[in-house]
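Residues per chain are reported as follows:
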Amino acid sequence: MAGKQAPAWQQPKAPQNLYADQLREALGRGGKALAAMRRAINAHGVGVLEEPDEQVWVWSDLHLGHANIIKYQNRPYGSVQAMDVELWRHWQEASAPGRTVVCVGDVALSEAVCAATWERIAGLPGSQVLVVGNHDLDGRTADLRVEGFHRVKAILTSPGEPPLIWAHAPLPDVPEGHVNVHGHQHATPPGDGRHINVSVEQLAYRPIRLDRLRRLAQLLVAGEVPPGATTLERVERVEA
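Read on for a plain summary of the structure. Keep in mind it's a predicted model, so treat the numbers as computed, not measured. (Residues numbered from 1 in each chain as written. Predicted model: local features only at pLDDT ≥ 70, side-chain atom pairs only at ≥ 80, totals over all residues. Heavy atoms only, no water.)

### Some points on the packing of aromatic side chains
- Inspection of every chain in the model, using the stated rule, returns four aromatic pairs.
- With 5.4 Å between their ring centres and 80° between their planes, Tyr-77 and Tyr-205 make a pair best called edge-to-face. Highlighted residues: Tyr-77 in the loop between helix H3 (68-72) and helix H4 (80-94) and Tyr-205 in the loop between strand E9 (195-197) and strand E10 (208-209), separated in sequence by 128 residues. Of the two residues, Tyr-77 and Tyr-205, neither departs from the other in class, the shared state being buried.
- The interplanar angle of 35° and the centroid separation of 6.2 Å between the aromatic rings of Trp-91 and Phe-149 together place this pair among those described as tilted. One end of the pair, Trp-91, is in helix H4; the other, Phe-149, is in the loop between strand E4 (127-131) and strand E5 (151-153), with 58 residues separating them in the sequence.
- Among the aromatic residues, ring-to-ring pairing joins Trp-59, Trp-88, Trp-91 and Phe-149 into one connected group. (Phe/Tyr/Trp six-rings, centres within 6.5 Å; stacked < 30°, edge-to-face > 60°. Helix = DSSP H or I, 4+ residues; strand = E, 2+ residues; numbered from the N terminus. Buried < 20%, exposed > 50% of the residue type's maximum accessible area, 1.4 Å probe, protein only.)

If you want it as structure tokens, here you go:
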């Protein structure tokens, strides 16, 4: 006779639930905006990114329209207008039919939170995907403040070697054999764990192709940490 099924609390969690729980933990000490992001996990869920790595481009934390981010993160721009022009140009260059551009959160703030921004995103060629960031949400609810993306998820996973987990904030504990692709930390130097920060400050303010990140991820899973003060420097060291 078959044994009794274990109670739900004793059963192993499905991976998507595990990732969601870890992101909730990562955001557990935040303020109102991050609390809204925790609620967004339930609203937008976990998805799978199945496109080939060579057709996917990645970046995060554009902060379009956010003048103070230039000062906060020492961005190399004389004005918010100059910053936005360059970021839009780099986004356009990465976008093409058959390609996917993934923004790992925090697209726009201030006056850039407007219909013109969403129309511009929707008009880009290829597919535009958003992994929700705290600034992409109403601070009191899980309602999105951004539009124009073809697909929106709180968390994405990518099969491959190694599998990747995409979340705006870094996961506190990355499942064994996985690497966490995240933003949120801006110019914070890369650490020694299985995390890859794709904030624009880490990538010379332009998207990077996913197959380049995957090669870095393979080394991180093997316990090898390439030198470099930014993610881009580490990628270039791997490729050298």
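We are not done yet, so read on.
### Structural notes on H4
- Between the first and last C-alpha of H4 there are 21 Å, a value that for 15 residues agrees with the 21 Å anticipated at 1.5 Å per step.
- Taken together, the buried positions of H4 are Val-80, Met-83, Asp-84, Leu-87, Trp-88, His-90, Trp-91 and Ala-94. The buried side chains of H4 occupy one side of the element, clustering within an arc of 165° when seen end-on. The exposed residues of H4 that point more than 90 degrees off its buried face are Gln-81 and Val-85.
- Those residues of H4 hidden inside the fold are in contact with strand E2 (56-59), H3, strand E3 (100-103), helix H5 (115-122) and E4. (Expected span 1.5 Å × (residues − 1). Arc of directions from axis to C-beta. Contact = heavy atoms within 4.5 Å.)

### Quick look at the pattern of salt bridges
- Within this structure, the stated rule accounts for eight salt bridges.
- One salt bridge connects Arg-89 with Glu-93, and the closest N-O pair in it is separated by 3.5 Å. Placement of both Arg-89 and Glu-93 in helix H4 is noted, with a separation of four residues, approximately one turn of the helix.
- A salt bridge links Glu-239 to Arg-212; the nearest nitrogen and oxygen atoms lie 2.7 Å apart. Of this pair, Glu-239 sits in helix H7 (residues 231-239) while Arg-212 sits in helix H6 (residues 210-221), and the two are 27 residues apart along the sequence.
- With relative accessibility at 36%, the residue Glu-239 sits in the partly exposed group.
- What emerges from the salt-bridge pattern is a single network uniting Glu-86, Arg-89, Glu-93 and Arg-206. (Salt bridge = Lys/Arg side-chain N within 4 Å of Asp/Glu carboxyl O.)

### A look at the environment of Val-238
- Take Val-238: it is sitting in helix H7.
- Residue classification places Val-238 among the partly exposed residues on the basis of a relative accessible area of 24%.
- A sequence separation of 106 residues divides Val-238 from Val-132, and the C-alpha atoms of the two residues are 29 Å apart.
- When near neighbours in sequence (up to four residues on either side) are disregarded, Val-238 contacts Arg-215, Leu-216, Leu-219 and Pro-226.

### Comments concerning the sheet that holds E9
- With mixed pairing, five strands are arranged side by side in an open sheet as E1-E6-E7-E8-E9. Only two strands of the sheet have a single partner each, and these edge strands are strand E1 (46-48) and E9. Averaged over all pairs of adjacent strands, the angle between their axes in this sheet comes to 25°, without regard to strand direction.
- In terms of strand pairing, E1 meets strand E6 (residues 155-158) through three bridges, oriented parallel. Bridging across to E6, Gly-47 finds its partner in Leu-156.
- Along the sheet, H6 contacts E6, strand E7 (164-167), strand E8 (179-182) and E9; its crossing angle with E9, the most-contacted strand, is approximately 145°. (Pairing = 2+ DSSP bridges. Axes fitted to C-alpha atoms, helices over the stretch in contact; angles between N-to-C directions.)

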